[in-house]
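The residues making up each chain are set out below.
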Amino acid sequence: MPYLVNTDLPTEPAGRRFRALVEAGGVVELPGAHNGMASLQAKVAGFKGLYLSGAAMTASMGLPDLGIITVDEVAFFIRQIARASGLPLLVDGDTGYGEALNVMHMVRTFEDAGAGAVHIEDQLLPKKCGHLNDKKLADAHDMAAKVAAAARARRDLYIIARTDAAASEGIDGALARARLYIEAGADAIFPEALTTAEMFRTFAERMPRGVPLLANMTEFGRTPFFTTSEFGAMGYRMVIWPVSALRVANKAQAALYQAIRRDGGTHRMLDAMQTRAELYDLIGLHDYEALDASIVQTVIPTGVPQRGGAA
């Protein structure tokens, strides 16, 4: 039913629902969803949680992922995804949009918008995608302070600390930072841009027992391709595919625009399109119409002219 009906809304906060997914065992698959439509499609496919990538979100806005956007712009995307799908959402929180108080503001804003989890990274602005070169790392204790601030600000939000240190400080440096972030209050760790299966296994084996780990399976990056089960065998409890949906959608849109220019219309692209009926079914148009009609019928007394009736 539509999200407008209170009795159909989740009864547990998104943060508790996200934590339950992680603690249920197995590997939580979190495909990237860069808008409400993508989140609906992922839900129909059977996923129980979602990921909002900063790279995908900014790219969908026509911008690079360099820390340009604001907390409120991210909250707009959180609201539409949480509203459309009702699924617990992990959000890319970049560097926290500032220092300790800014991080606390981010946590409160994201949680109020409907996020279930956030990850914060130990880069300095201008931050970069974790699979690019020349990333500048924050001081580990400054990052730990941000994690502590996030933990103090949250009600139920699940907090993941991301470290980009492996590229410049090696696996030992990344592990030392991760342990510090756990002590500061992080619920889980996200070691970014590991480049071999051995690195993934070593990181998991040397972390304190029971700390959930997140793996990033982005395409065209530094991490080789691994499946969900392979990540699970290496000791990881969550996997994200951050930009995959956006990449596929962008490729399809480019083909459409080229076809219109080439053919003078869309007639050769119909087989590649979602039909009107499929779209309406996915967004629940008829459920909304039925809800509207049921309310109108409920509040109009007998004998009172209805819409379109004669006075």
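Residues numbered from 1 in each chain as written. Predicted model: local features only at pLDDT ≥ 70, side-chain atom pairs only at ≥ 80, totals over all residues. Heavy atoms only, no water.

Describe in detail the overall build of the protein, supporting the description with residues and values.
The secondary structure content of the protein amounts to 12 helices and eight strands. Once the C-alpha set of the protein is aligned to its principal axes, its extents read approximately 80 × 50 × 35 Å. For the protein, contacts bridging at least 24 residues in sequence account for 72% of all contacts bridging at least 6. Carbon and sulfur atoms provide 55% of the accessible area of the protein, an area that totals close to 15,800 Å². (Helix = DSSP H or I, 4+ residues; strand = E, 2+ residues; numbered from the N terminus. Contact = heavy atoms within 4.5 Å. Areas by Shrake-Rupley, 256 points an atom, 1.4 Å probe, with all protein chains shown as cover.)

Requested: an account of the sheet that holds strand β8 (residues 238-241), with residues and values cited.
Pairing within the open sheet is parallel, and its three strands lie in the order β1-β8-β7. Here the strands that pair on one side only, and so sit at the sheet edges, are β1 (28-31) and β7 (214-216). Sheet twist, expressed as the average angle between the axes of neighbouring strands with direction ignored, equals 20°. Note that β1 and β8 share four bridges and pair parallel. Bridge pairing in β8 places Pro-31 opposite Trp-241. (Pairing = 2+ DSSP bridges. Axes fitted to C-alpha atoms, helices over the stretch in contact; angles between N-to-C directions.)

Describe the nonpolar core, and please don't skip the residues or the numbers.
Within the largest apolar cluster, 61 residues are counted, with the highest numbers of intra-cluster contacts made by Phe-110, Phe-203 and Tyr-236. Excluding its chain neighbours within four sequence positions, the residues that come into contact with Phe-110 are Val-71, Val-74, Ala-75, Ile-78, Val-91, Asp-92, Gly-93, Tyr-97, Ala-115 and Val-118. Counting 14 residues, the second-largest nonpolar core is a separate cluster that includes Phe-18, Val-28, Leu-90 and Met-238. (Core = buried A, V, L, I, M, F, W, Y, C linked by side-chain atoms within 4.5 Å. Buried < 20%, exposed > 50% of the residue type's maximum accessible area, 1.4 Å probe, protein only.)

Give a detailed account of the pairing of strand β4 (residues 117-121), specifying residues and quantitative values.
With respect to burial, β4 is a largely interior element, five of its five residues being buried. A two-sided burial pattern is seen for β4, the buried positions comprising Ala-117, His-119 and Glu-121 on one face and Val-118 and Ile-120 on the other. By the bridge criterion, three bridges tie strand β3 (residues 89-92) to β4 in an arrangement that is parallel. Within β4, the residue paired with Leu-90 across the bridge is Ala-117.

Break down a nonpolar patch on the surface for me, with residues and values.
Taken together, the side chains of Tyr-3, Leu-4, Leu-9 and Tyr-288 present a nonpolar region at the surface, about 350 Å² in accessible area. By the element assignment, Tyr-3 lies in the segment before α1 (14-23). Of the residues examined, Tyr-3 reaches a relative accessible area of 35% and is grouped as partly exposed. (Patch = residues over 30% accessible without salt bridge, like charges linked within 9 Å, V, L, I, M, F, W, Y side chains within 5 Å. Salt bridge = Lys/Arg side-chain N within 4 Å of Asp/Glu carboxyl O.)

How would you explain helix α5 (residues 100-113) if you had to name every residue and give the values?
Look at α5: 20 Å from first C-alpha to last across 14 residues, which is about the 20 Å you get at 1.5 Å a residue. Restricting attention to buried positions, one finds in α5 the residues Val-103, Met-106, Val-107, Thr-109, Phe-110, Glu-111 and Ala-113. Against the buried residues of α5 lie α4 (71-85), β3, β4 and α6 (140-153). Positioned one or two residues after α5, Gly-114 has a phi angle of 120°, which is positive. (Expected span 1.5 Å × (residues − 1).)

How would you explain α6 if you had to name every residue and give the values?
Taking 1.5 Å per residue, 14 residues should reach 20 Å; α6 reaches 20 Å between its end C-alpha atoms and fits that length. Among the residues of α6, those classed as buried are Ala-140, Met-143, Ala-144, Lys-146, Val-147, Ala-149, Ala-150 and Ala-153. The elements touched by buried residues of α6 are α5, β4, β5 (158-163) and α7 (166-184). With a side-chain oxygen lying 2.9 Å from the backbone nitrogen of His-141, the N-terminal cap of α6 falls on Asp-139. (Polar contact = N/O pair within 3.5 Å; in protein donor to acceptor, adjacent residues only side chain to side chain.)

Summarise the packing of α4 against α5; cite the residues concerned and give the values.
The N-to-C vectors of α4 and α5 enclose an angle of 25°; their axes lie 8 Å apart at closest approach. What the angle tells us is that α4 and α5 run roughly parallel. Pair α4 / α5 crosses with right-handed handedness. Every residue of α5 that contacts α4 at Val-71, Asp-72, Val-74, Ala-75, Ile-78, Arg-79 and Ala-82 is listed here: His-105, Met-106, Thr-109, Phe-110 and Ala-113. Grouping the amino acids of the contact of α4 with α5 by side-chain chemistry returns eight nonpolar, two polar and two charged. (Parallel < 35°, antiparallel > 145°, perpendicular 65-115°, else oblique. Left-handed = near helix turned anticlockwise from the far one by under 90°. Nonpolar A, V, L, I, M, F, W, Y, C, P; charged D, E, K, R; others polar.)

How would you summarise the packing of α5 against α6 if you had to cite specific residues and measurements?
At a minimum axis separation of 8 Å, α5 and α6 run at an interaxial angle of 40°. Classified by the angle between their axes, α5 and α6 sit oblique to one another. For the crossing formed where α5 meets α6, the hand is right-handed. Only Lys-146, Ala-149, Ala-150, Arg-152 and Ala-153 of α6 make contact with α5, whose side of the interface consists of Ala-100, Val-103, Met-104, Val-107 and Arg-108. Looking at the contact of α5 with α6, its residues break down into seven nonpolar, no polar and three charged.

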